[in-house]
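Single-letter residue listing:
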Amino acid sequence: MSQQKALLLEKAKGSFVLSDVPIPKLGPGQLSIKIIAAALNPVDWKIQAWDFIVKSYPAILGTDIAGDVEEVGEGVEGFSKGDKVFAQGFFVHEMAGFQQYTTIPADIVGKIPFNIDYAQAATIPVAFTAASISLLRAQPEGAGLNPTFDLSVSYAGQPALVLGGSTSGGQYAIQLFKLLGFSSIITYASARHTEYLKSLGATHVIERGEVPVANVAEVARKITDAPIKIAYNAVGDSDSRAACVAAVAEGGQVADVNPEAEDPGNGKRVFSMFGSSHHPPHREFGRILWKTLPKLVQDGLIVPTRVEKLPNGLAGIVEGLERMKAGSVSGVKLVVFPQETP
Ligand SMILES: NC(=O)c1ccc[n+]([C@@H]2O[C@H](COP(=O)([O-])OP(=O)(O)OC[C@H]3O[C@@H](n4cnc5c(N)ncnc54)[C@H](OP(=O)(O)O)[C@@H]3O)[C@@H](O)[C@H]2O)c1
(Lines give C-alpha, C1' and ligand atoms only; values in the text may rest on other atoms or scores of the structure.)
Protein backbone atom coordinates (compact mmCIF):
# COMPACT_ATOMS: atom_id res chain seq x y z
CA MET A 1 0.00 0.00 0.00
CA SER A 2 1.51 3.33 -1.01
CA GLN A 3 -1.51 5.68 -1.07
CA GLN A 4 -3.57 7.10 1.77
CA LYS A 5 -6.27 9.71 2.33
CA ALA A 6 -5.35 13.22 3.51
CA LEU A 7 -7.14 16.52 3.97
CA LEU A 8 -5.34 19.02 1.75
CA LEU A 9 -5.46 22.79 2.08
CA GLU A 10 -5.27 23.44 -1.65
CA LYS A 11 -3.71 26.90 -1.65
CA ALA A 12 -3.14 29.91 0.61
CA LYS A 13 -6.53 30.86 2.14
CA GLY A 14 -8.09 28.18 -0.09
CA SER A 15 -10.45 25.26 0.59
CA PHE A 16 -9.84 21.93 2.23
CA VAL A 17 -10.27 18.88 -0.05
CA LEU A 18 -10.01 15.17 0.65
CA SER A 19 -7.40 13.58 -1.61
CA ASP A 20 -5.39 10.44 -2.17
CA VAL A 21 -1.71 11.18 -1.59
CA PRO A 22 1.41 9.05 -1.09
CA ILE A 23 2.11 7.70 2.39
CA PRO A 24 5.16 9.57 3.74
CA LYS A 25 8.44 7.66 3.34
CA LEU A 26 10.09 6.59 6.57
CA GLY A 27 13.54 8.08 7.29
CA PRO A 28 16.27 7.06 9.73
CA GLY A 29 15.47 7.87 13.36
CA GLN A 30 11.74 8.11 12.61
CA LEU A 31 8.59 6.14 13.29
CA SER A 32 5.88 5.63 10.70
CA ILE A 33 2.59 6.03 12.56
CA LYS A 34 -0.87 4.88 11.45
CA ILE A 35 -2.98 7.76 12.79
CA ILE A 36 -5.99 6.53 14.77
CA ALA A 37 -6.94 9.90 16.34
CA ALA A 38 -6.04 13.49 15.46
CA ALA A 39 -7.11 16.55 17.43
CA LEU A 40 -7.96 19.99 16.04
CA ASN A 41 -6.25 23.19 17.18
CA PRO A 42 -7.07 26.88 16.65
CA VAL A 43 -3.86 27.22 14.62
CA ASP A 44 -5.37 24.93 11.95
CA TRP A 45 -8.20 27.36 11.13
CA LYS A 46 -5.86 30.34 11.56
CA ILE A 47 -3.45 28.98 8.93
CA GLN A 48 -6.32 28.59 6.47
CA ALA A 49 -7.65 32.08 7.24
CA TRP A 50 -4.37 34.00 7.52
CA ASP A 51 -1.72 32.00 5.60
CA PHE A 52 1.22 31.74 7.98
CA ILE A 53 3.69 29.05 9.20
CA VAL A 54 3.04 26.88 6.11
CA LYS A 55 5.72 27.36 3.46
CA SER A 56 4.20 25.56 0.45
CA TYR A 57 0.80 24.43 -0.85
CA PRO A 58 -1.08 22.17 -1.09
CA ALA A 59 -0.52 21.71 2.63
CA ILE A 60 -1.58 19.15 5.21
CA LEU A 61 -2.35 20.59 8.67
CA GLY A 62 -2.98 18.98 12.04
CA THR A 63 -0.35 18.46 14.72
CA ASP A 64 -2.00 16.46 17.52
CA ILE A 65 -1.51 12.78 16.75
CA ALA A 66 -2.18 9.39 18.35
CA GLY A 67 -1.89 6.01 16.65
CA ASP A 68 0.02 2.78 16.12
CA VAL A 69 3.63 2.35 15.10
CA GLU A 70 3.48 0.94 11.56
CA GLU A 71 7.21 0.77 10.89
CA VAL A 72 10.38 1.53 12.83
CA GLY A 73 13.12 3.58 11.13
CA GLU A 74 16.78 2.71 11.01
CA GLY A 75 18.60 3.35 14.28
CA VAL A 76 15.46 3.66 16.42
CA GLU A 77 15.48 1.78 19.71
CA GLY A 78 12.71 1.26 22.24
CA PHE A 79 9.75 1.10 19.81
CA SER A 80 8.18 -1.84 17.95
CA LYS A 81 5.49 -2.22 15.30
CA GLY A 82 2.08 -2.03 16.96
CA ASP A 83 3.11 0.21 19.89
CA LYS A 84 0.42 2.77 20.75
CA VAL A 85 2.02 6.20 20.56
CA PHE A 86 1.26 9.93 20.63
CA ALA A 87 3.24 12.82 19.25
CA GLN A 88 3.21 16.37 18.03
CA GLY A 89 3.32 16.68 14.26
CA PHE A 90 4.45 19.60 12.15
CA PHE A 91 3.03 21.48 9.15
CA VAL A 92 4.87 19.56 6.42
CA HIS A 93 3.40 16.60 4.53
CA GLU A 94 5.59 13.97 6.14
CA MET A 95 4.79 15.03 9.72
CA ALA A 96 1.23 16.37 9.63
CA GLY A 97 -1.80 14.92 11.40
CA PHE A 98 -4.74 15.36 9.03
CA GLN A 99 -3.85 12.21 7.09
CA GLN A 100 -3.90 8.46 7.72
CA TYR A 101 -0.14 7.93 8.15
CA THR A 102 2.68 10.21 9.28
CA THR A 103 6.37 10.03 10.17
CA ILE A 104 7.74 11.58 13.38
CA PRO A 105 11.29 11.58 14.85
CA ALA A 106 11.24 8.81 17.46
CA ASP A 107 13.00 10.90 20.12
CA ILE A 108 9.94 13.13 20.41
CA VAL A 109 7.31 10.36 20.43
CA GLY A 110 5.73 8.95 23.61
CA LYS A 111 4.02 5.64 24.33
CA ILE A 112 0.35 6.04 25.25
CA PRO A 113 -0.09 4.90 28.85
CA PHE A 114 -2.67 2.18 29.54
CA ASN A 115 -5.07 4.54 31.38
CA ILE A 116 -6.01 6.72 28.36
CA ASP A 117 -7.29 5.96 24.87
CA TYR A 118 -6.16 7.26 21.46
CA ALA A 119 -8.59 10.20 21.45
CA GLN A 120 -7.50 11.37 24.91
CA ALA A 121 -3.85 10.99 23.93
CA ALA A 122 -4.41 13.16 20.85
CA THR A 123 -5.57 16.06 23.03
CA ILE A 124 -2.22 16.40 24.77
CA PRO A 125 0.77 17.11 22.48
CA VAL A 126 0.36 20.69 21.20
CA ALA A 127 -1.26 22.30 24.23
CA PHE A 128 0.94 20.50 26.76
CA THR A 129 4.09 21.27 24.76
CA ALA A 130 3.24 24.97 24.53
CA ALA A 131 2.51 25.22 28.25
CA SER A 132 5.64 23.24 29.19
CA ILE A 133 8.05 25.09 26.91
CA SER A 134 6.80 28.50 27.94
CA LEU A 135 6.60 27.87 31.68
CA LEU A 136 9.48 25.49 32.27
CA ARG A 137 12.20 26.24 29.70
CA ALA A 138 14.99 28.65 30.56
CA GLN A 139 14.71 32.25 29.39
CA PRO A 140 14.45 33.63 26.76
CA GLU A 141 12.22 30.84 25.32
CA GLY A 142 10.44 30.20 28.62
CA ALA A 143 9.87 31.50 32.11
CA GLY A 144 12.60 29.21 33.47
CA LEU A 145 10.49 27.56 36.17
CA ASN A 146 11.96 24.09 35.67
CA PRO A 147 14.20 23.66 32.57
CA THR A 148 15.12 20.03 33.34
CA PHE A 149 11.59 18.86 34.25
CA ASP A 150 12.91 18.01 37.71
CA LEU A 151 9.87 16.76 39.58
CA SER A 152 11.31 17.76 42.98
CA VAL A 153 11.25 21.49 42.18
CA SER A 154 8.74 23.31 44.42
CA TYR A 155 7.22 26.78 44.37
CA ALA A 156 5.29 26.25 47.61
CA GLY A 157 3.90 29.47 49.00
CA GLN A 158 3.77 31.17 45.61
CA PRO A 159 0.70 32.07 43.52
CA ALA A 160 0.24 31.77 39.74
CA LEU A 161 -2.43 33.06 37.37
CA VAL A 162 -3.90 31.29 34.31
CA LEU A 163 -6.00 33.63 32.16
CA GLY A 164 -8.35 31.33 30.23
CA GLY A 165 -8.26 28.19 32.35
CA SER A 166 -10.78 26.26 30.24
CA THR A 167 -8.70 26.48 27.05
CA SER A 168 -6.69 23.36 26.25
CA GLY A 169 -3.48 25.23 27.00
CA GLY A 170 -4.89 26.73 30.18
CA GLN A 171 -5.86 23.29 31.49
CA TYR A 172 -2.27 22.05 31.10
CA ALA A 173 -0.84 25.27 32.58
CA ILE A 174 -3.01 24.73 35.68
CA GLN A 175 -1.76 21.14 35.96
CA LEU A 176 1.88 22.18 35.50
CA PHE A 177 1.56 24.83 38.21
CA LYS A 178 0.11 22.15 40.49
CA LEU A 179 2.98 19.81 39.62
CA LEU A 180 5.43 22.61 40.46
CA GLY A 181 3.85 22.98 43.90
CA PHE A 182 2.37 26.48 43.54
CA SER A 183 0.12 27.13 46.53
CA SER A 184 -2.49 29.35 44.86
CA ILE A 185 -3.46 28.66 41.26
CA ILE A 186 -5.89 31.37 40.25
CA THR A 187 -7.71 31.10 36.93
CA TYR A 188 -10.19 33.14 34.91
CA ALA A 189 -12.85 31.04 33.18
CA SER A 190 -16.59 30.54 32.69
CA ALA A 191 -18.46 29.34 35.77
CA ARG A 192 -19.54 26.12 34.07
CA HIS A 193 -15.94 24.90 34.17
CA THR A 194 -15.27 25.79 37.82
CA GLU A 195 -15.54 22.33 39.36
CA TYR A 196 -13.57 20.69 36.57
CA LEU A 197 -10.75 23.24 36.74
CA LYS A 198 -10.59 22.79 40.51
CA SER A 199 -10.26 19.04 39.94
CA LEU A 200 -7.19 19.80 37.77
CA GLY A 201 -5.57 21.94 40.46
CA ALA A 202 -7.04 25.45 40.28
CA THR A 203 -7.48 26.78 43.81
CA HIS A 204 -9.57 29.84 42.83
CA VAL A 205 -11.72 30.43 39.75
CA ILE A 206 -12.54 34.05 38.90
CA GLU A 207 -15.76 33.76 36.93
CA ARG A 208 -15.80 35.34 33.49
CA GLY A 209 -19.52 36.04 33.61
CA GLU A 210 -19.18 38.04 36.84
CA VAL A 211 -15.81 39.78 36.64
CA PRO A 212 -14.78 41.80 33.58
CA VAL A 213 -11.30 40.92 32.37
CA ALA A 214 -10.11 44.44 33.27
CA ASN A 215 -10.82 43.67 36.96
CA VAL A 216 -9.04 40.30 37.09
CA ALA A 217 -5.80 41.72 38.51
CA GLU A 218 -7.60 43.47 41.36
CA VAL A 219 -9.60 40.34 42.24
CA ALA A 220 -6.51 38.10 41.99
CA ARG A 221 -4.54 40.33 44.33
CA LYS A 222 -7.32 40.06 46.92
CA ILE A 223 -7.02 36.26 46.78
CA THR A 224 -3.33 36.16 47.70
CA ASP A 225 -0.99 38.29 49.81
CA ALA A 226 2.06 36.89 48.03
CA PRO A 227 3.21 38.68 44.85
CA ILE A 228 2.17 36.93 41.62
CA LYS A 229 5.39 36.39 39.69
CA ILE A 230 4.05 34.27 36.84
CA ALA A 231 0.95 34.38 34.64
CA TYR A 232 -0.05 32.24 31.66
CA ASN A 233 -2.17 34.04 29.08
CA ALA A 234 -3.96 31.19 27.31
CA VAL A 235 -6.32 33.56 25.46
CA GLY A 236 -3.79 35.88 23.87
CA ASP A 237 -5.83 38.99 23.06
CA SER A 238 -4.71 42.42 24.24
CA ASP A 239 -7.28 42.65 27.06
CA SER A 240 -6.24 39.33 28.56
CA ARG A 241 -2.56 40.31 28.21
CA ALA A 242 -3.20 43.63 29.95
CA ALA A 243 -4.94 41.78 32.79
CA CYS A 244 -1.96 39.45 33.21
CA VAL A 245 0.53 42.32 33.15
CA ALA A 246 -1.52 44.18 35.75
CA ALA A 247 -1.72 41.08 37.94
CA VAL A 248 1.98 40.21 38.07
CA ALA A 249 4.30 42.02 40.45
CA GLU A 250 7.40 44.01 39.47
CA GLY A 251 9.86 41.57 37.85
CA GLY A 252 7.03 39.12 37.10
CA GLN A 253 6.58 37.23 33.83
CA VAL A 254 3.67 36.65 31.45
CA ALA A 255 3.84 33.69 29.03
CA ASP A 256 1.52 34.53 26.13
CA VAL A 257 0.06 32.24 23.46
CA ASN A 258 -0.04 35.08 20.94
CA PRO A 259 3.07 35.01 18.71
CA GLU A 260 2.87 38.79 18.45
CA ALA A 261 2.62 39.59 22.15
CA GLU A 262 4.77 42.61 22.91
CA ASP A 263 6.80 43.23 26.02
CA PRO A 264 5.44 46.31 27.82
CA GLY A 265 8.96 47.37 28.87
CA ASN A 266 7.74 48.31 32.35
CA GLY A 267 9.80 45.97 34.50
CA LYS A 268 7.48 43.05 33.79
CA ARG A 269 8.40 40.50 31.14
CA VAL A 270 5.87 39.42 28.47
CA PHE A 271 7.02 36.79 26.00
CA SER A 272 5.39 34.81 23.17
CA MET A 273 5.57 31.06 23.12
CA PHE A 274 6.25 28.77 20.17
CA GLY A 275 5.01 25.42 21.32
CA SER A 276 6.80 22.96 19.07
CA SER A 277 9.26 20.24 20.03
CA HIS A 278 10.32 20.20 16.34
CA HIS A 279 11.59 23.77 16.55
CA PRO A 280 15.42 23.51 16.85
CA PRO A 281 15.85 25.62 20.04
CA HIS A 282 13.26 23.45 21.82
CA ARG A 283 14.42 20.08 20.54
CA GLU A 284 16.52 19.04 23.54
CA PHE A 285 13.77 20.13 25.93
CA GLY A 286 11.30 18.27 23.67
CA ARG A 287 13.24 15.04 24.20
CA ILE A 288 13.05 15.50 27.98
CA LEU A 289 9.35 16.34 27.73
CA TRP A 290 8.50 13.21 25.72
CA LYS A 291 10.49 11.00 28.14
CA THR A 292 8.65 12.50 31.12
CA LEU A 293 5.10 12.97 29.83
CA PRO A 294 3.83 9.34 29.49
CA LYS A 295 4.58 8.58 33.16
CA LEU A 296 2.95 11.85 34.31
CA VAL A 297 -0.20 10.81 32.43
CA GLN A 298 -0.05 7.24 33.72
CA ASP A 299 0.26 8.52 37.29
CA GLY A 300 -2.73 10.83 36.82
CA LEU A 301 -0.60 13.96 37.33
CA ILE A 302 -1.45 15.20 33.84
CA VAL A 303 -5.04 14.59 32.78
CA PRO A 304 -6.05 14.85 29.10
CA THR A 305 -8.56 17.44 27.97
CA ARG A 306 -12.15 16.18 27.69
CA VAL A 307 -12.93 14.89 24.20
CA GLU A 308 -15.70 15.52 21.68
CA LYS A 309 -15.46 12.88 18.94
CA LEU A 310 -16.33 14.05 15.42
CA PRO A 311 -17.82 11.71 12.77
CA ASN A 312 -16.68 11.04 9.16
CA GLY A 313 -12.94 10.75 9.70
CA LEU A 314 -10.87 13.46 8.01
CA ALA A 315 -14.03 14.83 6.37
CA GLY A 316 -15.26 15.94 9.79
CA ILE A 317 -12.39 18.41 10.26
CA VAL A 318 -13.79 21.25 8.14
CA GLU A 319 -16.93 21.69 10.23
CA GLY A 320 -14.93 21.28 13.44
CA LEU A 321 -12.55 24.09 12.46
CA GLU A 322 -15.51 26.32 11.61
CA ARG A 323 -16.93 25.74 15.09
CA MET A 324 -13.58 26.62 16.66
CA LYS A 325 -13.32 29.75 14.55
CA ALA A 326 -16.82 30.79 15.66
CA GLY A 327 -15.72 30.40 19.30
CA SER A 328 -18.34 27.74 20.00
CA VAL A 329 -16.02 25.04 21.37
CA SER A 330 -15.86 25.25 25.14
CA GLY A 331 -13.60 23.27 27.44
CA VAL A 332 -13.28 20.24 25.10
CA LYS A 333 -10.94 19.10 22.36
CA LEU A 334 -12.41 18.10 18.99
CA VAL A 335 -10.97 14.79 17.78
CA VAL A 336 -11.30 12.98 14.42
CA PHE A 337 -10.46 9.41 13.44
CA PRO A 338 -8.64 9.44 10.08
CA GLN A 339 -9.05 5.68 9.42
CA GLU A 340 -12.86 6.21 9.37
CA THR A 341 -12.65 8.59 6.41
CA PRO A 342 -15.37 7.67 3.88
N1 LIG B 1 1.93 29.98 20.53
C2 LIG B 1 1.71 28.67 20.61
O3 LIG B 1 2.63 27.86 20.53
C4 LIG B 1 0.31 28.17 20.81
C5 LIG B 1 0.07 26.81 21.06
C6 LIG B 1 -1.23 26.38 21.29
C7 LIG B 1 -2.28 27.29 21.22
N8 LIG B 1 -2.01 28.59 20.93
C9 LIG B 1 -3.09 29.59 20.89
O10 LIG B 1 -3.68 29.63 22.18
C11 LIG B 1 -5.05 30.01 22.07
C12 LIG B 1 -5.90 29.00 22.82
O13 LIG B 1 -5.77 27.72 22.19
P14 LIG B 1 -6.41 26.44 22.88
O15 LIG B 1 -6.35 25.32 21.94
O16 LIG B 1 -5.83 26.28 24.23
O17 LIG B 1 -7.88 26.98 23.05
P18 LIG B 1 -9.31 26.32 23.00
O19 LIG B 1 -9.28 25.14 23.89
O20 LIG B 1 -9.81 26.19 21.63
O21 LIG B 1 -10.10 27.55 23.69
C22 LIG B 1 -11.47 27.53 23.87
C23 LIG B 1 -11.74 28.13 25.25
O24 LIG B 1 -11.33 29.50 25.27
C25 LIG B 1 -12.01 30.10 26.33
N26 LIG B 1 -11.96 31.55 26.18
C27 LIG B 1 -12.15 32.25 25.03
N28 LIG B 1 -12.02 33.58 25.28
C29 LIG B 1 -11.75 33.71 26.61
C30 LIG B 1 -11.52 34.83 27.46
N31 LIG B 1 -11.54 36.08 27.00
N32 LIG B 1 -11.26 34.59 28.76
C33 LIG B 1 -11.24 33.34 29.26
N34 LIG B 1 -11.45 32.23 28.48
C35 LIG B 1 -11.71 32.43 27.18
C36 LIG B 1 -13.41 29.54 26.18
O37 LIG B 1 -13.92 29.53 27.45
P38 LIG B 1 -15.47 29.50 27.87
O39 LIG B 1 -16.09 28.37 27.15
O40 LIG B 1 -15.39 29.26 29.29
O41 LIG B 1 -16.06 30.80 27.51
C42 LIG B 1 -13.18 28.11 25.64
O43 LIG B 1 -13.33 27.11 26.62
C44 LIG B 1 -5.37 30.07 20.57
O45 LIG B 1 -5.25 31.41 20.17
C46 LIG B 1 -4.24 29.25 19.95
O47 LIG B 1 -3.96 29.62 18.62
C48 LIG B 1 -0.75 29.05 20.74
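Treat the numbers as computed from the prediction; the structure is a model and nothing was measured. Numbering of residues begins from 1 in every chain and follows the order in which that chain's sequence is written. Local features are withheld for residues below a pLDDT of 70 in this predicted model, meaning they are given only at 70 or higher, and side-chain atom pairs are given and counted only at 80 or more; totals for whole chains, interfaces and linings count all residues. The side-chain values count all of the structure's non-hydrogen atoms but skip hydrogen atoms and water molecules.

**A word on the sheet that holds strand 12 (residues 230-233)**
Threshold: At least two DSSP bridges between two strands are needed for those strands to be called paired. By definition, any uninterrupted DSSP run of H or I lasting at least four residues is a helix, any uninterrupted run of E lasting at least two residues is a strand, and each is numbered from the N terminus. As a rule, the C-alpha atoms of each element are fitted with a line to give its axis, helices using only the stretch in contact, and angles between N-to-C directions run from 0 to 180 degrees. Throughout, a residue-residue contact means that at least one pair of heavy atoms, one from each residue, lies within 4.5 Å.
The six strands are arranged 11-10-9-12-13-14 in an open sheet whose pairing can be described as parallel. Looking at which strands have only one partner, the edges of the open sheet turn out to be strand 11 (204-207) and strand 14 (269-272). Each neighbouring strand pair of the sheet contributes to a mean axis angle of 15°, computed without reference to strand direction. Sheet strands touched by helix 3 (residues 125-136): strand 12, strand 13 (253-256) and strand 14. Its angle to strand 12, the strand with the most contacts, is close to 150°. Where helix 7 (residues 238-247) meets the sheet, it contacts strand 9 (159-163), strand 12, strand 13 and strand 14, and its direction lies at approximately 170° from that of strand 9.

**Some details on the side chain of Asn 41**
Note the cut-off: Burial classes follow relative accessibility: with a 1.4 Å probe on protein chains only, a residue under 20% of its type's maximum area counts as buried, one over 50% as exposed, and anything between as partly exposed. Between N or O atoms, a polar contact is any pair within 3.5 Å; within protein, one atom must be a potential hydrogen donor and the other a potential acceptor, and residues adjacent in sequence are included only when both atoms are from side chains.
If you trace the backbone, Asn 41 turns up in the loop between strand 3 (30-39) and helix 1 (42-50). On the basis of relative accessibility, which here comes to 5%, the residue Asn 41 falls in the buried class. At a separation of 2.8 Å, a polar atom in the side chain of Asn 41 contacts the side chain of Asp 64. Here Lys 333 takes part through its side chain, which lies 2.7 Å from a polar atom of the side chain of Asn 41. Setting aside anything within four residues of it in sequence, one finds Asn 41 in contact with Thr 63, Asp 64, Val 126, Leu 321, Met 324 and Lys 333.

**With respect to the domain arrangement of the chain**
The line we're drawing: Per the annotation, domain bounds derive from an automatic or database assignment of domains. What counts as a salt bridge is simple: a side-chain nitrogen of Lys or Arg found within 4 Å of a carboxyl oxygen of Asp or Glu. Residues are grouped as follows: Ala, Val, Leu, Ile, Met, Phe, Trp, Tyr, Cys and Pro are nonpolar; Asp, Glu, Lys and Arg are charged; all remaining types, including Gly, are polar.
Partitioning the chain into domains gives domain 1 (3-124 + 304-340) and domain 2 (128-272). Computed over C-alpha atoms, the centres of domain 1 and domain 2 are 28 Å apart. Our count for the contact surface shared by domain 1 and domain 2 stands at zero salt bridges. Put simply, domain 1 and domain 2 have five residue pairs in polar contact (both at pLDDT 80 or more) between them. Of the residues contributing to the side of domain 1 that touches domain 2, the split by class is two nonpolar, five polar and two charged.

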